[in-house]
2 protein chains.
Amino acid sequence: MPVACRNCPLRRREIFAPLSDQELAFVQRFKSGELKVAPNMQLLMEGSNSPQLYTVLSGQGLRYKTLENGHRQVLNFVFPGDFLGLQAGMLGEMHHSVEATTEMVLCVFDRKEFFQIFRQYPERAYDITWLAATEEHFLGESLASIGQMAAVARMAWALQRLHARAEALGLANGDSFPMPYRQQDLADALGLSLVHTNKTLARLRDRQIASWAEGHIKIHSLTALRELAGGTDESATMTRPLI
Amino acid sequence: MPVACRNCPLRRREIFAPLSDQELAFVQRFKSGELKVAPNMQLLMEGSNSPQLYTVLSGQGLRYKTLENGHRQVLNFVFPGDFLGLQAGMLGEMHHSVEATTEMVLCVFDRKEFFQIFRQYPERAYDITWLAATEEHFLGESLASIGQMAAVARMAWALQRLHARAEALGLANGDSFPMPYRQQDLADALGLSLVHTNKTLARLRDRQIASWAEGHIKIHSLTALRELAGGTDESATMTRPLI
DNA sequence: CGTGCCGTTGAGGTAAATCAATGGCTGTGG
DNA sequence: CCACAGCCATTGATTTACCTCAACGGCACG
C-alpha cells in the first residue's frame with residue numbers, strides 16, 4: 001500500500017523544504033499510485049511522451065542519452081527525491097531515457113493533472129521551475145567539467161558530488177557511501193573510456209584520496225578531492241522542493 | 001525610445017508564439033525599459049544576483065562559466081529572443097556569466113515582478129518553465145556532443161545548430177549566416193583547443209562542407225553537415241515563447 | 001562446469017593538446 | 001605618414017592524455 005504523502009519518510013530529511021498540511025493534501029491528490037521497479041528497468045524512454053511523472057522514493061538510477069554512433073552519455077545520477085519526466089510534461093516528449101540501477105520505488109503522478117498545477121498552485125509551479133533551473137545549472141557544471149577538466153579532476157568532481165548527494169540524503173555512513181553503478185556508467189558520465197576510467201580510479205586509490213570497492217565508495221581525503229575537483233558544489237546540499 | 005511590445009519586430013517571426021492583446025499588455029507592463037550595450041560588455045556575472053532580467057531584442061552574445069583553473073566553458077550562444085537571467089530569478093544568483101559579442105539591444109524587466117508572474121499569469125509561468133526545460137534539453141545535447149563525439153562531429157553539430165538558429169530568426173542569407181564569434185569562443189564551447197578548432201574548421205573547408213570567412217559561415221553541404229553532426233536538432237527551430 | 005559480466009592491467013596507436021612562429025589587420029601615437 | 005603593439009587566424013613540430021585492442025581473473029548464474 002502506498003505511503004501517504006504526509007508520512008513520506010523523505011520529507012523528514014531537512015534537505016527537503018517542508019510543506020503545509022494544505023499543500024501536502026494537494027500533492028497527495030496529485031499522486032496516483034506507487035511503482036516498484038527492478039534493477040535495469042527502463043522507466044522513461046527517449047522520444048516517449050510518458051503519461052506519467054515520477055518522484056523517486058527510494059533507489060538509484062541513471063538519466064542518459066543514446067547517440068546515433070551508439071555511444072551513450074549519462075546526464076545525471078538519479079537519487080531519492082528526484083523528479084522524473086519533467087521534459088515529457090513540458091516539452092511533450094522525453095529527450096533522454098531513465099533507467100533504474102538498483103530496485104526503485106516511485107511515486108506516480110498523472111501527467112494530465114500537470115497543467116492544472118500552474119493554474120491552481122503557483123507555489124508548486126514555482127517549485128517545478130526551480131527544479132528545471134537547478135537541473136540546468138547542474139548540466140552547465142557537467143559541461144564545464146567534461147569540456148575543460150582532465151580525467152582525474154573530472155573523476156574527483158563526480159565523486160565529490162555523489163558523496164555530497166548521498167550525504168544530504170542520509171545514505172552515507174561516515175566517509176563511505178553506496179555506489180551501485182558500474183565503472184562503465186561513470187565512464188559514460190564523464191566522457192572517458194572504460195579503461196581510462198579504471199586507471200583514473202586507480203590513481204585516486206594510489207594517492208589515498210578515494211577508493212571504490214564492493215559497491216561502496218570511501219573518501220579518504222575530502223580536502224584533496226575538493227582540491228582536485230575545483231571547489232565544492234553546494235547545489236547538491238541545497239534545500240530543495242519535494243513534489 | 002523603447003519599442004512597444006505589440007510592435008516588437010521579433011514577434012513577427014513565426015518562430016515565436018503569438019500573444020493575445022491582453023497578454024501583450026501584461027508583458028508591456030512588466031517591461032521596465034531598454035538597454036543598449038557595446039560589444040564585449042558583461043551583461044550578467046556569475047555569482048551576481050542581478051535585479052534585472054533581459055530579453056534579447058537584437059545582437060548576439062555568449063553564456064559562459066569560468067573555472068578555477070582559468071579555463072572557460074561556453075555554455076551557449078545567445079540569439080535574439082533569448083531570455084537572460086532566469087537563474088538569478090529562480091535560484092537567487094547566476095551560475096554563469098553572459099557577455100555581448102556584438103552590440104546588443106535588450107528589453108529590461110524588473111526581477112521584483114518576477115514572482116508575481118507565477119501568481120497572476122500562469123501561462124507566462126508555464127512559458128518560463130518551458131524555457132528552462134528547453135535550455136536543460138539543449139545542455140543535455142551539448143553534453144552528449146562534447147562527451148561522446150570527435151572534434152569534426154562536434155564542430156558539425158555546432159555549425160548546424162548555429163545555422164538553424166540563424167535561419168529561424170531570419171538572420172541567414174541562403175546558405176550563409178553571420179558568425180560574430182571568434183574561433184576561441186567556438187573552441188571553448190566545444191571543449192577543444194584553439195589550434196585544434198582551427199584545424200578542424202580547415203578540414204570542413206577542405207571537404208567542402210562549410211567555410212568561415214569574414215564573419216560569416218557558409219554551408220556548402222547541409223546534408224554532409226547533418227550526417228557528421230548525427231542528425232538535425234529540431235529544438236532550434238521549434239516555436240518558442242517570447243517574453 | 002561452462003558462459004557472461006565486470007574489474008583490472010599492459011601494449012601500442014592516435015586524436016588532440018601544447019609550444020612556437022608567422023602574417024594580416026586594426027588602432028594608436030609619434 | 002610610418003612604426004609599433006595587440007589581437008586573431010593559420011600552420012608546423014612535438015608531446016601527451018586518452019583510446020582501442022587484447023588478455024586475464026573473480027564472481028554470479030544456469
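Residues numbered from 1 in each chain as written. Chains lettered and ligands numbered in written order. Predicted model: local features only at pLDDT ≥ 70, side-chain atom pairs only at ≥ 80, totals over all residues. Heavy atoms only, no water.

(A) Looking closely at the protein's contact with DNA strand D. Near DNA strand D, the surroundings consist of 13 residues, among which S193(A), H196(A), R182(B), Q183(B) and N198(B) are the closest. For DNA strand D, the fraction of atoms within 4 Å of the protein that belong to sugar or phosphate moieties is 69%. The separation between a phosphate oxygen of DNA strand D and a polar side-chain atom of R182(B) is 3.4 Å. Between Q183(B) and DNA strand D, the recorded distance is 2.6 Å, taken from a side-chain N or O atom to a phosphate oxygen. It is helix α7 (residues 194-206) of chain B that contributes the most residues to the surface near DNA strand D, four residues altogether. Grouping the amino acids of the surface near DNA strand D by side-chain chemistry returns five nonpolar, five polar and three charged. (Near = heavy atom within 4 Å. Polar contact = N/O pair within 3.5 Å; in protein donor to acceptor, adjacent residues only side chain to side chain. Helix = DSSP H or I, 4+ residues; strand = E, 2+ residues; numbered from the N terminus. Nonpolar A, V, L, I, M, F, W, Y, C, P; charged D, E, K, R; others polar.)

(B) The relation of the copies chain B and chain A, seen in detail. Relative to chain A, chain B is turned by 180° and slid 0.0 Å along the rotation axis, the superposed coordinates differing by an RMSD of 0.0 Å. Look at the turn and shift together and you get a two-fold axis relating the two. Taken as a fraction of all interface residues of chain B, those also at the interface in chain A reach 100%, which identifies the copy contact as same-surface. (Least-squares fit on C-alpha atoms with pLDDT ≥ 70 in both. Contact = heavy atoms within 4.5 Å.)

(C) Spotlight on the interface of chain B and chain A. Listed by partner, the interface residues are 46 residues for chain B and 46 residues for chain A. The largest contributions to the chain B side of the interface with chain A come from E136(B), L143(B) and Q148(B), which together make up 18% of the buried area. Along the contact surface separating chain B from chain A lie four salt bridges. Linking chain B with chain A are 15 residue pairs in polar contact (both at pLDDT 80 or more), by the criterion used here. Here the side of chain B that touches chain A gets 22 residues from one element, more than from any other, and that element is helix α4 (residues 122-148) of chain B. (Buried area = accessible area lost by both parts, 1.4 Å probe. Salt bridge = Lys/Arg side-chain N within 4 Å of Asp/Glu carboxyl O.)

(D) Molecular detail of the domain arrangement of chain A. Residue and element names in this part refer to chain A. As assigned here, chain A comprises domain 1 (5-121) and domain 2 (144-236). For domain 1 versus domain 2, the distance between C-alpha centres works out to 25 Å. The partner domain 2 presents 18 residues to the 16 residues of domain 1 that form the contact. For the pair domain 1 and domain 2, the summed buried surface comes to about 1,500 Å²; carbon and sulfur atoms form 59% of the total. Together, R72, F77 and F79 form the three largest contributors to the area buried by domain 1 at its contact with domain 2, with a combined 39%. Put simply, domain 1 and domain 2 have three salt bridges between them. One salt bridge connects D185 with R72, and the closest N-O pair in it is separated by 2.6 Å. (Domains from an automatic or database assignment.)

(E) Geometry of the protein's contact with DNA strand C. What surrounds DNA strand C is a group of 13 residues, the closest being R182(A), Q183(A), N198(A), A151(B) and H196(B). Protein-proximal atoms of DNA strand C, defined as those within 4 Å of the protein, fall in sugar or phosphate at a share of 69%. The side chain of Q183(A) places a nitrogen or oxygen atom 2.5 Å from a phosphate oxygen of DNA strand C. At 3.3 Å, a side-chain N or O of H196(B) approaches a phosphate oxygen of DNA strand C. Within the residue set of the surface near DNA strand C, elements represented by two or more residues are α7 (194-206) of chain A together with α7 of chain B.

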